[in-house]
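# Working through the structure, step by step
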Amino acid sequence: MTRTARATLWPESARAVRGAVARWVRSAIPVLAVTLLLLILLPLGTQSTAGSAAALAAVLFLTMLVSAGMEHSAVILLAVGFLMSPLNDVRPIASLTFMTASDVFLVLGIGLLIPGLVGRKFRPPTAFVVGALGVVAMGLVSSAVNPNAAMSLNSMLRLVVGALTLPVVFMLWRPRREIVVILAAAYVGGNVVNVVAARINGQASDENRYIGLSTHPNILGFCAMLGLALIPFLLQELPRRFSWIVLLAGAI
């Protein structure tokens, strides 16, 4: 082989080696990250039951993130959040009455989406902006004159997150139709769980009404009505072999 040929092949060989090393590093980073997290969380997990639960949740979250990727992980977390939305009396920490389990999953899911949403052009409909400003203004005014302003502001914050923030995220995200179907099915499934829990627990509210895993009978009813409104959409979008499941959910 001539000197010119060797000189030509050398850069190609060097690039091939660098590419192989880069691929090896990329494949090793997830393993090293999980191992490091285990080493950090192991002492926490041995201290208490709550510490063990937190450590396990962190490991599962990172493992899901590494194996499924950012957007797929966000879809999984949002689906769990939608599933648990009707179950607003289920809380990660019982004493934190302002935070539900659904809140945790929705915030984590949206947090994973944010890096991909930064920089996207956003032109919200004018009617939506006007309505949003009206809702926030009315909420602030009514909270200011409410004897229990903190509770009123907490309720207004939930309304803002559910009625304004989630639509904005979806306008920016523009998820594929199959993702919308997954989230709708998860919400209907959460209502099925809530209704079944209500029947098992019986008429357990202060007014002797069914309450399920919600904080108030009206929440059980409102969520079930919204879930019922999603049944025709699911019947149209899901394959026909799943129609009996959708109809059973609607019947429940």
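Residues numbered from 1 in each chain as written. Predicted model: local features only at pLDDT ≥ 70, side-chain atom pairs only at ≥ 80, totals over all residues. Heavy atoms only, no water.

### A word on the packing of helix 3 (residues 70-84) against helix 4 (residues 101-117)
- Between helix 3 and helix 4, the least distance of the axes is 8 Å, while the angle of their chain directions is 155°. For the element pair helix 3 / helix 4, the angle class is roughly antiparallel. In the packing of helix 3 onto helix 4, the handedness of the crossing is left-handed. Between helix 3 and helix 4, the contacting residues are Met70, Ser73, Ala74, Leu77, Leu78, Val80, Gly81, Phe82 and Met84 on the first element and Ala101, Ser102, Phe105, Leu106, Leu108, Gly109, Ile110, Leu112, Leu113 and Pro115 on the second.
- Partitioned by chemical class, the residues of the contact of helix 3 with helix 4 number 15 nonpolar, 4 polar and no charged. (Axes fitted to C-alpha atoms, helices over the stretch in contact; angles between N-to-C directions. Helix = DSSP H or I, 4+ residues; strand = E, 2+ residues; numbered from the N terminus. Parallel < 35°, antiparallel > 145°, perpendicular 65-115°, else oblique. Left-handed = near helix turned anticlockwise from the far one by under 90°. Contact = heavy atoms within 4.5 Å. Nonpolar A, V, L, I, M, F, W, Y, C, P; charged D, E, K, R; others polar.)

### Let's talk about the packing of aromatic side chains
- The full count for this structure, using the stated rule, is 2 aromatic pairs.
- Between Phe82 and Phe170 the ring centres are 6.5 Å apart and the planes differ by 55°, which places this aromatic pair in the tilted class. Here the residue Phe82 occupies a position in helix 3, and Phe170 occupies one in helix 6 (residues 149-173), the gap between them amounting to 88 residues.
- Using a relative accessible area of 17% as the deciding quantity, one classes Phe82 as buried.
- Aromatic pair Phe170 and Trp173: ring centres 5.5 Å apart, planes at 65°, arrangement edge-to-face. With Phe170 and Trp173 both in helix 6 and 3 residues apart, this pair spans about one turn of that helix.
- For Phe170, a relative accessible area of 23% translates into the label partly exposed.
- Taken together, the ring pairs in this structure connect Phe82, Phe170 and Trp173 into an aromatic cluster. (Phe/Tyr/Trp six-rings, centres within 6.5 Å; stacked < 30°, edge-to-face > 60°. Buried < 20%, exposed > 50% of the residue type's maximum accessible area, 1.4 Å probe, protein only.)

### Here we look at the packing of helix 5 (residues 126-144) against helix 6
- In contact at an axis separation of 9 Å, helix 5 and helix 6 are set at 170° when each is read in the N-to-C sense. Taken together, helix 5 and helix 6 sit at an angle that is classed as roughly antiparallel. Mapping the contact onto sequence places Phe128, Ala132, Val135, Val136, Gly139, Leu140, Ser142 and Ser143 in helix 5 and Ala149, Ser152, Leu153, Met156, Leu159, Val160, Ala163, Leu164, Pro167, Val168 and Met171 in helix 6.
- A breakdown of the residues in the contact of helix 5 with helix 6 according to their chemical character gives 15 nonpolar, 4 polar and no charged.

No statement about biological role is implied by the geometric values presented.
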